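Chains, contacts and geometry: an overview
Each chain is listed here by its residues.
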Amino acid sequence: MRFAFGGIHIECSTYSRIRTRFDEFRVFTGERLAAAPEFSFLRSYPHQFSPTLYARAVPGGAVERSAYDTFKNQFIQSLKQLLPLDGLYLPMHGALYVDGMQDAEGDWISSAREVVGEECLISASYDLHGNLSRRVVDNLDMLTAYRTAPHIDVEQTMRRACELLVHCATKQIRPTMVWVSIPVLLPGERTSTEDQPAKDLYAQLPAINSRSGVLDASLLVGYVWADEPRATASAVLTGTDPAVLEEEAVRLGREYWNAREDFKFGVPVGSIAELIDQAQWLTTQPVILADSGDNPTGGGVGDRAEVLEALLSRHFSNALVAGIADLPATELCYQHAPGARLPLRIGGTLDPQGSRPIEVEAEILFLLAAEGRERRAVIKVDGVTVVLTASRCPFHNIKDFTALGLHPANFKLLAVKSGYLSPELAPLARPALMALSDGAIPQDLESLPPNRLRPPTFPFDRSFAWQPSAVVSARSPRDTQ
């Protein structure tokens, strides 16, 4: 049988003032996409999965329309060249936002449906922080989402989406998909699957999956920093027994709604100043401080220097700030050699309207052997080590530090631009603290601008009643509608 795969994957804050440009995406096509490590599992199937286009970027602001159009047109042209197809796999995120467009995933998926036709099955994998719409649901045959946050089941989810696709195509099954939109929208830091009540809610999914007539059960918490009508939590089930699918989707929706007041932060939170003051008195290390409002993996800009400023004002010794996106400061460091001292202006280069720079005297400790966007400069300002980066990027994995000659455990305090900590950093924290800092993705939802497009949704609105109602995909067999 003939299958194809490709898509676009990014999370976009509609409250960010910056835009995600074409050159910020990693774009894979043809043989380069076929050989990409994250898709190597496709070679284990006894069917051909042909590559189209896959574009992926660090989460950020809205994608420039010209970039989106370029990616979509290339994807569509590649898809046309592969026809006819038995199935199409779309590895998506679910929180894409494009300038001047609502429901960008709906546009991408419906455009793919127009090309492949009604007989071709389409399966998608989503981040659990993705948002669904009727347009998405009505153009898919099956969808599955991550079941962990932090995300440790990315490959398992992608495999699940493809196994569903191959199973239904080879068995000639036209599945039913049922969706319940839940008017609750909370940040990932309050809905981690390692904490209650999300932990128990997600623990139900394997048992639901094992029910006769169910092929997949997914629960999405949605993406909160998007003022779009589709921004909600969702329960979505795929299978062959419409009654069971609707029963379970409605039950999941009701349980999520009933738990809406119980979602809390999984670590101590406070202002930057409060948490740094607390860290100074702790005798353990490393204390890991998450600068949540400026977290680039959630859509934050990544150029804010408030944590560094607070550490310097307190004369904090043996701290590491990783990292601050500042191309001019990084490039200036590369004009000198390690050991040199120079004045630097750090911060506020990507979003000068939302952030302010600080002036420092720095010593260059290390320059990564790299070019362009991959450059990283390690500097020392008084008792604080700082990583400057030429582009927006996270520091979530140990290798991100060791590549720069740094070891998190050697520092009294490590500040990272993150929300909940990554699976590699979390076990090191002694303890983990999260700053409710400013930025494009603040945890303080009341600080967001008034919503214009989102319907009544908890916690933005609290004065409405709700009962779950199931929507059956238009692609489902006629007798299930």
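Everything here concerns the structure above.
Quick look at the structure, then. Every chain is numbered independently, its residues counted from 1 as its sequence is written. With pLDDT at 70 or above as the cut-off, local features in this predicted model cover only qualifying residues; side-chain atom pairs require 80 or more to be listed or tallied, and sums for whole chains, interfaces and linings still use all residues. Side-chain figures throughout are based on the complete set of non-hydrogen atoms in the structure, without hydrogens or water.

Attention now goes to the layout of surface pockets. A pocket, in this scheme, is an open set of points on a 1 Å grid over the protein atoms alone with protein on both sides within 12 Å along at least 5 of 7 lines, while a cavity is a set where a 1.4 Å probe fits but cannot get out; residues line either one if an atom lies within 4 Å of a point. Grid points are joined across faces, edges and corners, and a volume is the space filled by probe spheres set on the points. What the second largest pocket holds in volume is close to 350 Å³. Lining the second largest pocket are 19 residues, with R190, D444, L445, E446 and P459 positioned closest to its centre. Of the residues contributing to the lining of the second largest pocket, the split by class is 10 nonpolar, two polar and seven charged. Residue classes follow a fixed rule: Ala, Val, Leu, Ile, Met, Phe, Trp, Tyr, Cys and Pro count as nonpolar, while Asp, Glu, Lys and Arg count as charged, and any other residue, Gly among them, counts as polar.

Taken together, six strands build an open sheet; the order of strands is β2-β3-β1-β4-β5-β6 and the sheet is mixed. Each having just a single partner strand, β2 (26–29) and β6 (142–145) make up the two edges of the open sheet. Strand-to-strand twist across the sheet, computed as the mean angle between neighbouring axes with direction ignored, equals 15°. Two strands pair if DSSP finds at least two bridges between them. We count a stretch as a helix when DSSP gives it H or I for four or more residues in a row; a strand needs E for two or more, and each element gets its number in order from the N terminus. Bridging between strand β4 (residues 87–91) and strand β5 (residues 121–126) involves five bridges; their strand directions are parallel. By the bridge assignment for β5, Y89 is matched with S123. Contacts are assigned to residue pairs with any non-hydrogen atoms lying within 4.5 Å of each other. Here an axis means a line fitted to C-alpha atoms, over the contact stretch when the element is a helix, while the angle between two N-to-C directions is reported on a 0 to 180 degree scale. Along the sheet, helix α2 (residues 65–82) contacts β1 (2–9), β2, β3 (48–56) and β4; its crossing angle with β3, the most-contacted strand, is approximately 175°. Most of the contacts of helix α5 (residues 154–170) go to β5, to which it runs at about 165°, and overall it touches β1, β3, β4, β5 and β6.

With that out of the way, let us pick up the pattern of salt bridges. Salt bridge, as used here: a side-chain nitrogen of Lys or Arg that lies within 4 Å of a carboxyl oxygen of Asp or Glu. In the structure shown here, the tally under the stated rule is 33 salt bridges. A salt bridge links E363 to R341, with the nearest nitrogen and oxygen atoms 3.9 Å apart. A residue pair is termed long-range when its members are at least 10 positions apart, and E363 in strand β14 (residues 358–367) and R341 in strand β13 (residues 341–346) qualify at 22 residues. Burial classification: accessible surface area is computed with a 1.4 Å probe over protein chains only, and a residue below 20% of its type maximum counts as buried, one above 50% as exposed, and the rest as partly exposed. According to the relative accessible area criterion, E363 is partly exposed, its value standing at 26%. With relative accessibility at 53%, the residue R341 sits in the exposed group. Three or more residues are tied together by salt bridges with common partners; here these are R113, E118, D141, R174 and R475.

Here we take up the nonpolar core. Here, nonpolar core refers to any group of buried Ala, Val, Leu, Ile, Met, Phe, Trp, Tyr and Cys residues whose side-chain atoms link them within 4.5 Å. Core analysis: the biggest nonpolar cluster contains 45 residues, and L88, L90 and Y126 have the highest contact counts within it. Ranked by residues supplied to this core, first place goes to α2 with seven residues. Dropping the residues within four chain positions of it, L88 is found in contact with A4, F5, F75, L79, A112, V116, C120, L121, I122, S123 and L165. Of all hydrophobic cores here, the second largest spans 38 residues; its members include L275, I276, V287 and L344.

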